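Summary of structural features
Below, each chain spelled out in residue letters.
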Amino acid sequence: MRSLVVFSGSSHPQLTAQICQRVGVEPGKANLAKFSNSETSVEILETVRGADVYIVQSGCGKVNDNLIELLVMIQACKTASARKVTAVIPCFPYSRQSDAPFKRSGAPLTSAPPMTVPSTPKINDFNAEYPFNQETSGSVEMNDLNSKIHNLHIPTPNNSNQALPAQPQGGYKQWLARAGTLIANLLTCAGADHIITMDLHDSQFQGFFDCPVDNLRSMPLMLKYIQENIPNYQEAVIISPDAGGAKRATSIADKLSMDFALIHKERRHAEKPNKADMMLVGDVRDKVCILIDDIADTSFTITKAAKVLHDNGAIKIYAIITHAIMSGDAVERIQRSYLDEVIVSNTVPQDEHVKRCSKIKVFNVAPVFGEAIRRIHNGESVSMLFDTNYQIA
Amino acid sequence: MADNSIKIFTGNSHPELAKLVARRIGLELGKVNVLKYSNQETSVTIGESVRDEDVFIIQSGCGEINDNLMELLIMINACKTASARRITAVIPCFPYARQDKKDKSRAPITAKLTANMLTVAGADHVITMDLHASQIQGFFNIPVDNLYCEPSMIKYIRTCIPEWTNAIIVSPDAGGAKRATSIADRLNLDFALIHKERKKANEVSRMVLVGDVRGKIAILVDDMADTCGTLGLAAKTLVENGAEKVYAIVAHGILSGKAIKVINESVIEKMVVTNTIPHDEKMSICPKIDIIDISATLGEAIRRTHNGESVSYLFSNVPE
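Per an unreviewed UniProt entry, chain B carries the name ribose-phosphate diphosphokinase and comes from Umbelopsis vinacea. As its UniProt record puts it under Catalytic activity (unreviewed entry), chain B is described as follows: "D-ribose 5-phosphate + ATP = 5-phospho-alpha-D-ribose 1-diphosphate + AMP + H(+)". The record in UniProt for chain B states the following under Pathway (unreviewed entry): "Metabolic intermediate biosynthesis; 5-phospho-alpha-D-ribose 1-diphosphate biosynthesis; 5-phospho-alpha-D-ribose 1-diphosphate from D-ribose 5-phosphate (route I): step 1/1."

Naming follows an unreviewed UniProt entry, where chain A appears as ribose-phosphate diphosphokinase of Umbelopsis ramanniana AG. Checking UniProt for chain A, the heading Sequence similarities (unreviewed entry) contains the comment "Belongs to the ribose-phosphate pyrophosphokinase family." One UniProt comment on chain A, placed under Catalytic activity (unreviewed entry), says "D-ribose 5-phosphate + ATP = 5-phospho-alpha-D-ribose 1-diphosphate + AMP + H(+)".

Structure representation (structure tokens):
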């Protein structure tokens, strides 16, 4: 029987320890550090020759550092003659595309809510300070170098409104790079033979790879949580906070025979095109509401949705999120919002978030990953992990 | 003469160098926004059309190397999917160049990984400077131009070091001997070498000078200066052996960790580095640092690549 080695990257060693416990091996010994010039240093301290190697690294925290560390570890194991290297990536980085809608002129439609750090994919509205239009700008608070040439954003909390994409010139719209295919290609060129991930934002991502991708589901765990922890759940309503997540929410609602509703951003007023009304489609009066979403980054979506539900008469509001990245002041925003409880998985480390917010509860996905790794290593079928009737012990 | 135009973009690693290079060619830098989302992912937005253009992306492997590397890869990929005709990655200081062989068990060859990543992202051509090992060119299947700082260093020695005719070129370790002898030959100077002698495994090694430096100005020449431990010790050895003054000329001055402290406390007269890596903050705390500007070499290489002219001139001359 080929030996099995599970290594942890720096992003989430706690999850790896739980996975290893489930699989029944010790976590592999490796030294992960940075050289003094901030290059990544990887030393694998046990033999991997002829072994099946699994490297667990989540795309959270310092995403670029963790991604490069993962690639270097894959390469190290490959050149050390590992038989097969699998990258286990609970939260896949760079999986989202920009979802800001555009006006006919090419300018983005939504304006960013006030934030202290630049928010993830919302594109801010144009304003007159935009440096691309002003070769002699004095109003922009950047040094001479930047204002003369183009914007090089040095991320500071105050600059969030200045780091904006280009004003269209002569019909050219800006080109926002989507890094999805690139990440898939990088993983393959580093030498990964297999990818295991969970709840990919875009399930077509599997097609970007030439190697097998196992896109595990957290839905069975969510169903289990709802059945065990939400009293009288059959009377509750499943809500999708935006139109894109409707399919995900309806599949849960069907499995539990619950009602379903949807929140929809509708632009009604021609005079105020920036003002987006959030409309509830469905009835939640005097009901317990359960919001379902796959990613909570800035938590704007779920907190705004919670307000809409509250205004429409919901009595209690839960949110169940798979990947709770919670960047910036997302956690504080949740604490202040109308949400009663936010249930998240531990694909992203949650210890800090739980300390800062009493509303956050965590459900453990390590058993799913551990079971997947065990079955893959033994050559057994993984299908039961997608079966919602199958309960992982 | 190419029928498309040059577009030069830069990431956040070294914008000043990119500005100098663009000015040298006579162009404005291309409009691009490279920033970080709140969840630390990199975001690249290209603000002008690159369809069918000759794109050059200038990004050095310095500072936060992983972030800068990802910026470079995403920018290359963005230009590729935006139908650029050719994409050249201009990387003055190549990242992970020192991890280029499996020198112990299970060591990764990260330089090869970086080469693969650049190719996979969509680069068609790479221009770099003073690779730690020029064999790294072989890691790529695409053409690599490994330019040299040597002509710039020689010009600096001739113009900025007084009494250079009485100098001696010293290599701080055995691996750099070839580099140092080549400079010594061009300047018609003598050559010496410092050799680390290890008696036992854990014993502090002695630095042995091979050659005679009495009464001369010693010029230490190396390709990289990271923590400067070797350079500091080498300078001390040279002075103990009779050198009058010690200069250090290094192509890539990474100067991380305690390097500035070591330089300030050492007997080195001047620490000369090129601007492949930005040094503004370091110069304010270390008065011994002097900069050689290599933007002319890079700019000329870009111009010649675009026009289909030979780049060989740059291997022995500094463009005016």
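After presenting the structure, the write-up continues.
1. Considering the interface of chain A and chain B
With 67 residues of chain A at the contact, the number on the chain B side is 64 residues. In total, about 5400 Å² of surface goes out of reach between chain A and chain B, with carbon and sulfur atoms giving 58% of it. For the pair chain A and chain B, the number of links is two salt bridges. Between B:Lys104 and A:Glu43 there is a salt bridge; the shortest N-O distance is 3.5 Å. Seen at the junction of chain A and chain B, the total is 17 residue pairs in polar contact (both at pLDDT 80 or more).

2. Side note on empty space enclosed by the protein
Scanning the entire structure with this criterion turns up six cavities of 30 Å³ or more. If you add up the space inside the second largest cavity, you get close to 50 Å³. Lining the second largest cavity are A:Asn37, A:Glu39, B:Gly61, B:Cys93, B:Phe94, B:Pro95, B:Tyr96, B:Ala97, B:Arg98, B:Met224 and B:Ile254. Partitioned by chemical class, the residues of the lining of the second largest cavity number seven nonpolar, two polar and two charged.

3. Brief notes about the UniProt feature "domain: Ribose-phosphate pyrophosphokinase N-terminal" (unreviewed entry) in chain B
Here the UniProt feature "domain: Ribose-phosphate pyrophosphokinase N-terminal" (unreviewed entry) sits at residues 6-122 of chain B. Secondary structure across residues 6-122 of chain B divides into 34% helix and 22% strand, with the first and last C-alpha atoms of the span separated by 17 Å.

4. Observations concerning the sheet that holds strand 5 (residues 86-91) of chain B
All names here are of chain B. Taking strand neighbours across the sheet as the criterion, the five strands line up as 1-4-5-6-7 in an open arrangement whose pairing is parallel. The sheet is open, and its two borders are formed by strand 1 (6-10) and strand 7 (144-147), each paired with just one other strand. When the angles between neighbouring strand axes are averaged without regard to direction, this sheet yields 20°. Relative to strand 6 (residues 125-129), strand 5 runs parallel, the two sharing four bridges. From the neighbouring strand, Ile91 faces strand 6, where its bridge partner is Thr128. Across the sheet, helix 1 (residues 15-25) lies against strand 1 and strand 4 (54-58), angled at about 165° from strand 1, the strand it touches most. Of the strands in this sheet, strand 1, strand 4, strand 5, strand 6 and strand 7 are in contact with helix 9 (residues 295-307), which crosses strand 4 at around 160°.

5. Here's the deal with the domain arrangement of chain A
Residue and element names in this part refer to chain A. Domain parsing of chain A yields domain 1 (4-98 + 178-216) and domain 2 (219-363). Look at where the C-alpha atoms of domain 1 and domain 2 centre, and you get two points 30 Å apart. Domain 1 puts 14 residues into the contact, and the matching count from domain 2 is eleven residues. Of the roughly 1100 Å² buried where domain 1 meets domain 2, counting both sides, 54% is carbon and sulfur surface. Ranking the residues of domain 1 by area buried against domain 2 places Cys91, Arg96 and Asp199 at the top, with a combined share of 39%. Taken together, domain 1 and domain 2 are joined by one salt bridge. Taking the shortest distance from any N to any O, the salt bridge between Asp297 and Arg96 comes out at 3.0 Å. There are eight residue pairs in polar contact (both at pLDDT 80 or more) connecting domain 1 and domain 2.

Cut-offs and rules
Residues numbered from 1 in each chain as written. Chains lettered and ligands numbered in written order. Predicted model: local features only at pLDDT ≥ 70, side-chain atom pairs only at ≥ 80, totals over all residues. Heavy atoms only, no water. UniProt positions renumbered as here; feature names shortened; annotations may be inferred. Contact = heavy atoms within 4.5 Å. Buried area = accessible area lost by both parts, 1.4 Å probe. Salt bridge = Lys/Arg side-chain N within 4 Å of Asp/Glu carboxyl O. Polar contact = N/O pair within 3.5 Å; in protein donor to acceptor, adjacent residues only side chain to side chain. 1 Å grid on protein atoms, 1.4 Å probe; cavity = no way out; pocket = protein on both sides within 12 Å on 5 of 7 lines; lining within 4 Å. Points joined across faces, edges and corners; volume = space filled by probe spheres on them. Nonpolar A, V, L, I, M, F, W, Y, C, P; charged D, E, K, R; others polar. Helix = DSSP H or I, 4+ residues; strand = E, 2+ residues; numbered from the N terminus. Pairing = 2+ DSSP bridges. Axes fitted to C-alpha atoms, helices over the stretch in contact; angles between N-to-C directions. Domains from an automatic or database assignment.

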